[in-house]
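# Observations on the model geometry
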Amino acid sequence: MIENGHLIKRAAMASMLTATVLLLAKAAAWTASDSASVLSSLLDSMMDIAASVINFFAIRYALMPADDDHPFGHTKAEGLAALMQSAFILGSAVMLLLHVVERLVKPQALTAIPESIGVMIFSTVATVALVAYQRWVARKTGSLAVKADSAHYVGDILTSAAVVVALVAAYWQVYWLDPVIALLIAAVLLYSVVGIIREALAVLMDKALEPEDEADLIRIIEDSQGVRGYHDLRTRQSGVVQFIQFHLELDGGQTLRSAHDIGDALEKRIRLRFPKAEVIVHHDPV
């Protein structure tokens, strides 16, 4: 768990650093070109920085061990961070839409187009590298905050590429494509908000494990030697931690030591499949 915590923190730091560099580069490109599509990408980077800062502090809080006031830990902080991210992304999309409407009505010629294209290509490459690292960390740790951060950076890759297309078109004096690309970027931002909110609410509302994970859990219980059955199985996901509890049906004629050994062996098997899980088993004689 400590190793995973270090990975999550490094992913948050990488996100903040990348977002800051891209923000500065895009701000220079927009100032020079006055492009609506570059502005859309700039606003997105501004939201990335805000979201990354929220992530950084939320992750540090979520990784704090359980205490007297929070006996189940602080993992739901990641769900709250994801909701705050969605609010920032929604705000950037609304701001962008207001600007796009004006540019659709009055298309304008752009300047410093080659330099702006170079900035957006650099932005695309840097974001691809960040997303690859974030996805690796998310797979290894199961962090919702890192996964949410990666989701809107995937959108950044697509939008950066689209901005390059708009700038190339503007170079050939096709100016209407610039606000159209910006409009599509706003749509992508709004779509990403829906996914982030859905996953955040799943954590905050104690959603059960995914069906395939519960199926694996049931198979482990039923295939364990000495187990006669189970009932009242309950699961939930909170950040990177799963909570699993159930009643285990055992032979009532065996010794307490034997029953304990069966339950202990089963818990170890469950933790092999769910290494971050908190497992509570109640033994019932039958």
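Residues numbered from 1 in each chain as written. Predicted model: local features only at pLDDT ≥ 70, side-chain atom pairs only at ≥ 80, totals over all residues. Heavy atoms only, no water.

### Points about the pairing of strand β2 (residues 241–250)
Across the 10 residues of β2, 8 count as buried, placing the element largely inside the fold. Examined bridge by bridge, β2 and strand β3 (residues 278–285) share 8 bridges and lie parallel to one another. Across the sheet, the residue bridging to His247 is His282, located in β3. Note on the crossover from β2 through helix α8 (residues 256–273) to β3: the handedness is right-handed. (Buried < 20%, exposed > 50% of the residue type's maximum accessible area, 1.4 Å probe, protein only. Helix = DSSP H or I, 4+ residues; strand = E, 2+ residues; numbered from the N terminus. Pairing = 2+ DSSP bridges. Right-handed = clockwise from strand over helix to strand, strands pointing away.)

### Examining the packing of aromatic side chains
Counting across every chain of the model gives 2 aromatic pairs. Between Tyr171 and Trp172 the ring centres are 5.7 Å apart and the planes differ by 90°, which places this aromatic pair in the edge-to-face class. Like Tyr171, the residue Trp172 is exposed in the burial classification. Here the guanidinium or amino end of Arg236 rests over the ring plane of Phe243, the centre of that ring lying 4.0 Å away. (Phe/Tyr/Trp six-rings, centres within 6.5 Å; stacked < 30°, edge-to-face > 60°. Lys NZ or Arg CZ within 6 Å of the ring centre and 35° of its normal.)

### Brief notes about the nonpolar core
Formed by 33 residues in total, the largest nonpolar core has its most connected members in Leu96, Ile113, Met120, Val163, Leu167 and Ile185. Sort the elements by how many residues they give to this core and helix α6 (residues 177–204) lands first, with 9 residues. Not counting residues within four places of it along the chain, the set of residues in contact with Leu167 comprises Ser35, Val38, Leu110, Ile113, Ser116, Ile117 and Met120. Core analysis: the second largest hydrophobic core is formed by 17 residues, Leu217, Ala277, Val279 and Val281 among them. (Core = buried A, V, L, I, M, F, W, Y, C linked by side-chain atoms within 4.5 Å. Contact = heavy atoms within 4.5 Å.)

### Considerations on the sheet that holds β2
Hydrogen bonds between backbone atoms are what pair the strands of a sheet, whose relative direction is either parallel or antiparallel. In spatial order, the strands read β1-β2-β3; together these 3 strands make up an open sheet with mixed pairing. Single-partner strands in this sheet number two, and they are β1 (227–238) and β3. On average, each strand axis in the sheet is tilted by 15° relative to the strand beside it, whichever way the strands run. Bridge count for β1 against β2 is 9 bridges, and the pairing is antiparallel. Bridge assignment links Gly229 to a residue of β2, and that residue is Glu249. (Axes fitted to C-alpha atoms, helices over the stretch in contact; angles between N-to-C directions.)

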